[in-house]
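So the chains spell out like this:
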Amino acid sequence: MLALVVVVLLLALWWLLGRSPDGGMAGGHRGAAWDGPVAVSTVTATTGQLTVEVRAIGTVTSLNTVVVRSRVDGQLVEVGFEEGARVEKGDLLARIDPRPYQVALDQARGQYQRDLAELQGAREDLELYQLLDRQDSIAGQQLNQQKARVKQLEGTVATDRAAVADAELKLSWTRIEAPISGRLGLRAVDAGNLVSSGDTDGLVTITQMAPIAVEFTIPETRLQELLEARGDDRPLTVDALDRDESRVLASGQLTTVDNRIDTATGTLRLKARFENAEGLLFPNQFVNVRLKLRALDEAVVIPSDAVQYGSQGTYVYLVEDGKATLRRITLGPTEGDRVAVEEGLSGGEQVVLEGLDRLREGREVITEASPSP
């Protein structure tokens with residue numbers, strides 16, 4: 001009996017609340033709000049050019065880096081460069097004490113002159129022996145010995161000539177010049193130190209700054225697209241941007257495509273060359289890369305945020321006669337926050353950009369235009 005009384009009381013309470021004027025009014029307001037017009041923001045689909053590009057992260061690399069080392073042993077008597085300065089090929093960087101090598105050169109030249117004079121005397125004697133041999137005044141053995149002596153001295157003179165050239169070369173190495181143009185690094189030695197050709201650290205490092213290269217990778221899924229765009233070795237433009245992609249640091253051209261795909265990452269390595277006249281690219285710097293493959297001239301373009309994805313595929317909402325209309329579309333290439341529509345949309349149509357979560361087919365909308373993409 002007690003349970004039956006509780007059930008009757010609950011039913012009575014439910015009946016009274018259901019007939020409450022406030023409750024009915026609240027329910028009516030909720031229904032009206034759900035079925036009423038929806039405020040949306042629209043954008044106009046435009047027709048124009050869209051650039052098909054690949055975005056990646058790259059590393060700036062120098063085309064040439066040289067560690068300047070001494071090719072002879074000796075005392076460093078002069079350092080003729082400033083750290084971090086720009087140098088041109090052939091500029092004097094340092095000098096090693098040349099006196100020991102000048103002495104060696106003088107000795108080689110003296111030895112060469114002595115042997116050359118001896119050779120000239122042997123040749124004159126050979127001419128005399130040949131005259132006497134024609135007169136049958138000497139034995140043939142003497143003539144042969146003199147010929148052998150001349151050949152021997154000719155070899156000695158050739159050796160002396162090579163020794164002079166070697167001494168001159170070593171003397172020239174005491175003047176250390178820049179082998180390439182570029183920017184100098186930090187100095188590794190000071191004047192007065194003994195340097196050797198076996199020093200691994202060298203005197204200083206020169207890094208070529210202009211032109212310079214950027215290495216980056218692209219997914220293997222874009223390989224065929226890249227090969228088609230690069231047909232007949234047509235140059236492709238590459239832009240290098242800063243970290244937040246707000247500024248283009250330099251523009252160059254794609255120069256190298258690696259000959260294999262990295263199976264561990266599924267990517268392909270590429271290299272682009274930049275003139276870097278302003279010096280904004282620095283070795284080992286990380287940059288954002290945009291590789292431009294091709295350009296679509298008459299593409300229908302809308303913001304990527306306007307595209308919806310569902311079981312029926314990709315679609316957008318259009319505004320026609322104050323109502324929302326669902327339109328299925330086929331997407332094309334993407335450029336930044338814009339996407340090309342290959343089928344299902346024409347230029348000039350109003351596409352819903354904001355307020356999509358409450359839309360359905362035929363729903364009345366209140367539109368507020370947004371800037372075109």
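Structural data are supplied above this passage.
What you are looking at is a predicted structure, and each value in this text was computed from that prediction instead of being measured.

A. Quick peek at the side chain of Glu 53. As for its position among the elements, Glu 53 is in strand S2 (residues 46–62). Residue Glu 53 is classed as buried on the basis of its relative accessible area of 9%. With residues up to four places along the chain from it excluded, the contact list for Glu 53 reads Arg 222, Arg 290, Leu 291, Lys 292, Leu 293 and Glu 335.

B. A look at the nonpolar core. Among the nonpolar cores identified, the biggest contains 31 residues, and Leu 76, Leu 93, Leu 184 and Ile 206 are the most heavily contacted of them. Listing elements by their share of this core, those giving two or more residues are strand S6 (92–96), helix H3 (99–134), helix H4 (140–173) and strand S10 (204–207). If you look at the next biggest cluster of nonpolar residues, it comprises 25 residues, including Val 60, Phe 216, Ile 218 and Leu 223.

C. Quick peek at the sheet that holds strand S7 (residues 175–177). In spatial order, the strands read S7-S6-S4-S9; together these four strands make up an open sheet with antiparallel pairing. In this open sheet, the two edge strands, each paired with only one partner strand, are S7 and strand S9 (194–195). When strand S4 (residues 74–79) meets S6, the two strands line up antiparallel, connected through three bridges. Within S6, the position partnered with Val 79 by the bridge is Ala 94.

D. Region of interest: the pattern of salt bridges. Tallied over the full model, the rule gives 19 salt bridges. Lys 170 is the salt-bridge partner of Asp 166, the closest N and O atoms lying 3.5 Å from each other. Highlighted residues: Asp 166 and Lys 170, both in helix H4, separated by four residues, approximately one helical turn. On the basis of relative accessible area, Lys 170 is assigned to the partly exposed category, the value being 34%. A salt bridge links Arg 222 to Glu 225; the nearest nitrogen and oxygen atoms lie 2.8 Å apart. You can call Glu 225 partly exposed: its relative accessible area is 21%.

The rules behind the values
- Residues numbered from 1 in each chain as written.
- Predicted model: local features only at pLDDT ≥ 70, side-chain atom pairs only at ≥ 80, totals over all residues.
- Heavy atoms only, no water.
- Helix = DSSP H or I, 4+ residues; strand = E, 2+ residues; numbered from the N terminus.
- Buried < 20%, exposed > 50% of the residue type's maximum accessible area, 1.4 Å probe, protein only.
- Contact = heavy atoms within 4.5 Å.
- Core = buried A, V, L, I, M, F, W, Y, C linked by side-chain atoms within 4.5 Å.
- Pairing = 2+ DSSP bridges.
- Salt bridge = Lys/Arg side-chain N within 4 Å of Asp/Glu carboxyl O.

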